[in-house]
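Below, each chain spelled out in residue letters.
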Amino acid sequence: MRLMILGAGGVGTSAGTIIKRQMDIANQDWAEIVVFADYDLEAAKKSAALCGDGIFKAAQCDAFSPESIKAVVDEYNIDFVMNACDPRMDFCIFDTCLDLKVGYLDCACTVSEPHPEKPYELTNVKLGDYQFAKQKEWEASGKIAVCGSGVEPGTIDVFAKYAAKHLFDKIDELNVRDGDNITGGDSAFAFSPWTCMEECLNPAFIWAKDEEHPDGWWYCTPPMSEPEIFNFPCGIGAVEVVNVEHEEVLLMPREIDCNKVTFKYGLDPDFRNSLFVLHNFGLDDKNRKIKVGDTEITPRDFVCKVVGNPTEGMYGLQGTCTAGVWVTGWKDDKYRSLYMYSKADAQECEEKFKTNIIVAQTAVGPVIMMELIAKGIWNEPGAWGPEHFDPDPFVEVMARYEFPAAIKEMDSEYCDMLNEQAALASLEANK
């Protein structure tokens, strides 16, 4: 594979260091060349230098410009593009790769547009709608586009497919849960501030089947709603999680038969309040332009400039993060409840991959997927979510990448008790 990583930020750089480590410790040479491409050429050069091998190159590229992307593809004879940019740029990169007939993978799908009248009830444009509308065109191109392929979405979607294939005869619910006990760092945001404001302050999607919608439907709830206590493994313990807009809810029901899909994320209450303050003052607005001196900028872009690049302040962390899917259903006529997850340790990520835990855990899934595509193991042309493909080879090689999959059987009665306590605490707080 002749790979371009478009976006030399935290996730893009981490993908490169993970590829390099696989070359060094596992003798993996599926990547013939890896070109870091970024609008900031110096950032691309820094990423290439961090990997330090002759196959890693740097190029200047404007992700909003088809001509700029094409120039890098032509110069290095690129046949696959990993989009490590924020989702604003998905439209251009996705379409350009289709036009050029090169493979494509992103870590987040094209953005949603809330319902203009009932944003906290009905859907309008959903995450990834733009991409999956071009499914037939991608099939005709003979190339693969994997949409939503970080850790969440991405690795966790593969876990859901694995559970459906091996661990359950019938699935009731797929509930993605992410939590950590990480301490340290000097950035308010753990990852891209633009993306964080987008997903945390947008209406959150839920998929469900009910009497009125026997075939299932998507609906929306307010952002960061329905707090729940989830008992995470690996010493993390009980963490309050809340509804957040995320691709898994849109991707999983397309391929996996189930009754409900949710996504909840552990966000510190103080950080949630800070996000709501930004929203209440209109500082998360991504469309309205305001004049600052001789330039125009959106309020959200202004906030991003003020807080800076969070990956630079996310080193020296301590603690553990688990990302996984809580699956309930039936196996051999018995009810089963389990959490299939991937664990990451902050200090180990810095030592092994030279990047912080957040971006390392996000980048490993896309790298595994690209290896499977390069080797012809995942090979069906079209625009797909990760759960479309056979999960077995992905799960099998996770240990080689030092992010092994794990399963925790859940005590459903204990979870119910914790959630009752959380509901009571929420009622008291809102009195």
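Residues numbered from 1 in each chain as written. Predicted model: local features only at pLDDT ≥ 70, side-chain atom pairs only at ≥ 80, totals over all residues. Heavy atoms only, no water.

Please give an account of the sheet that holds strand E2 (residues 33-38) that cites residues and values.
With respect to topology, 7 strands assemble into an open sheet ordered E3-E2-E1-E4-E5-E6-E17, the strand pairing being parallel. Only two strands of the sheet have a single neighbouring strand rather than two, namely strand E3 (56-60) and strand E17 (382-384). The average undirected angle you get between the axes of adjacent strands in this sheet is 15 degrees. When strand E5 (residues 103-106) meets strand E6 (residues 144-146), the two strands line up parallel, connected through 2 bridges. Note that in E6 the partner of Leu105 across the bridge is Val146. Sitting on the sheet, helix H4 (residues 90-100) is in contact with strand E1 (2-6), strand E4 (80-83), E5 and E6, with an inclination near 160 degrees to E5. (Pairing = 2+ DSSP bridges. Helix = DSSP H or I, 4+ residues; strand = E, 2+ residues; numbered from the N terminus. Axes fitted to C-alpha atoms, helices over the stretch in contact; angles between N-to-C directions. Contact = heavy atoms within 4.5 Å.)

Tell me about the pairing of E5, and name the residues and values.
Burial along E5 is two-sided: the face carrying Gly103 and Leu105 and the face carrying Tyr104 and Asp106 are both buried. In the sheet, E4 pairs with E5 via 4 bridges, with the strands oriented parallel. Looking across to E5, one finds that Phe80 is bridged to Gly103. (Buried < 20%, exposed > 50% of the residue type's maximum accessible area, 1.4 Å probe, protein only.)

Summarise unusual backbone geometry; cite the residues concerned and give the values.
Pro153 follows Glu152 through a cis peptide bond whose omega is -5 degrees. Mapped onto the elements, Pro153 comes out in the loop between E6 and helix H7 (155-167). Phi at Asn27 is positive, roughly 55 degrees, even though this residue is not glycine. Looking at the element boundaries, Asn27 is found in the loop between helix H1 (10-26) and E2. The phi dihedral of Asp332 falls on the positive side, at around 55 degrees, and the residue is not glycine. Its place among the elements puts Asp332 in the loop between strand E15 (320-331) and strand E16 (334-345). Since its relative accessible area comes to 56%, Asp332 is described here as exposed.

Residue-level account of the packing of aromatic side chains, with values.
How two aromatic rings sit relative to each other is given by the distance of their centres and the angle of their planes. Taken as a whole and assessed by the stated rule, the structure comprises 17 aromatic pairs. Ring geometry for Phe232 against Tyr339: centres 6.0 Å apart, planes inclined by 80 degrees, an arrangement best described as edge-to-face. Separated by 107 residues along the polypeptide, Phe232 in strand E10 (residues 228-232) and Tyr339 in strand E16 bring together distant segments of the chain. Given the relative accessible area of 3%, Phe232 is considered buried. A residue is classified by how much of its surface remains accessible, and Tyr339, at 0% relative accessible area, is buried. (Phe/Tyr/Trp six-rings, centres within 6.5 Å; stacked < 30°, edge-to-face > 60°.)

Report on the nonpolar core, specifying residues and quantitative values.
Core analysis: the biggest nonpolar cluster contains 96 residues, and Leu3, Met82, Leu174, Leu275 and Met370 have the highest contact counts within it. At 12 residues, the largest contribution of residues to this core is made by helix H13 (residues 357-374). Contacts of Met82, omitting those with residues within four sequence positions, involve Leu3, Met4, Ile5, Leu6, Val11, Ala15, Leu105, Cys107, Pro366 and Met370. If you look at the next biggest cluster of nonpolar residues, it comprises 29 residues, including Ala59, Val73, Cys92 and Leu251. (Core = buried A, V, L, I, M, F, W, Y, C linked by side-chain atoms within 4.5 Å.)

Requested: an account of the side chain of His246, with residues and values cited.
Within the fold, His246 resides in the loop between strand E11 (237-243) and helix H9 (248-255). A polar contact of 2.8 Å, which involves the side chain of His246, links it to the side chain of Glu248. Residues in contact with His246, not counting those within four places in the same chain, are Leu127, Glu152, Pro153, Glu199 and Phe263. (Polar contact = N/O pair within 3.5 Å; in protein donor to acceptor, adjacent residues only side chain to side chain.)

Report on the pattern of salt bridges, specifying residues and quantitative values.
Considering all chains together, one arrives at 25 salt bridges under this definition. Salt-bridge contacts for Arg300 lead to Glu198; the nearest nitrogen and oxygen are separated by 2.8 Å. Taken together, the residues span a long stretch of sequence, with Arg300 in helix H11 (residues 299-307) and Glu198 in helix H8 (residues 193-201) at a distance of 102 residues. Of the two residues, Arg300 and Glu198, neither departs from the other in class, the shared state being buried. Among the ionic pairs, Glu371 bridges to Lys375, the shortest N-O distance being 2.8 Å. Taking relative accessible area as the criterion, Glu371 reaches 2% and is therefore assigned buried. (Salt bridge = Lys/Arg side-chain N within 4 Å of Asp/Glu carboxyl O.)

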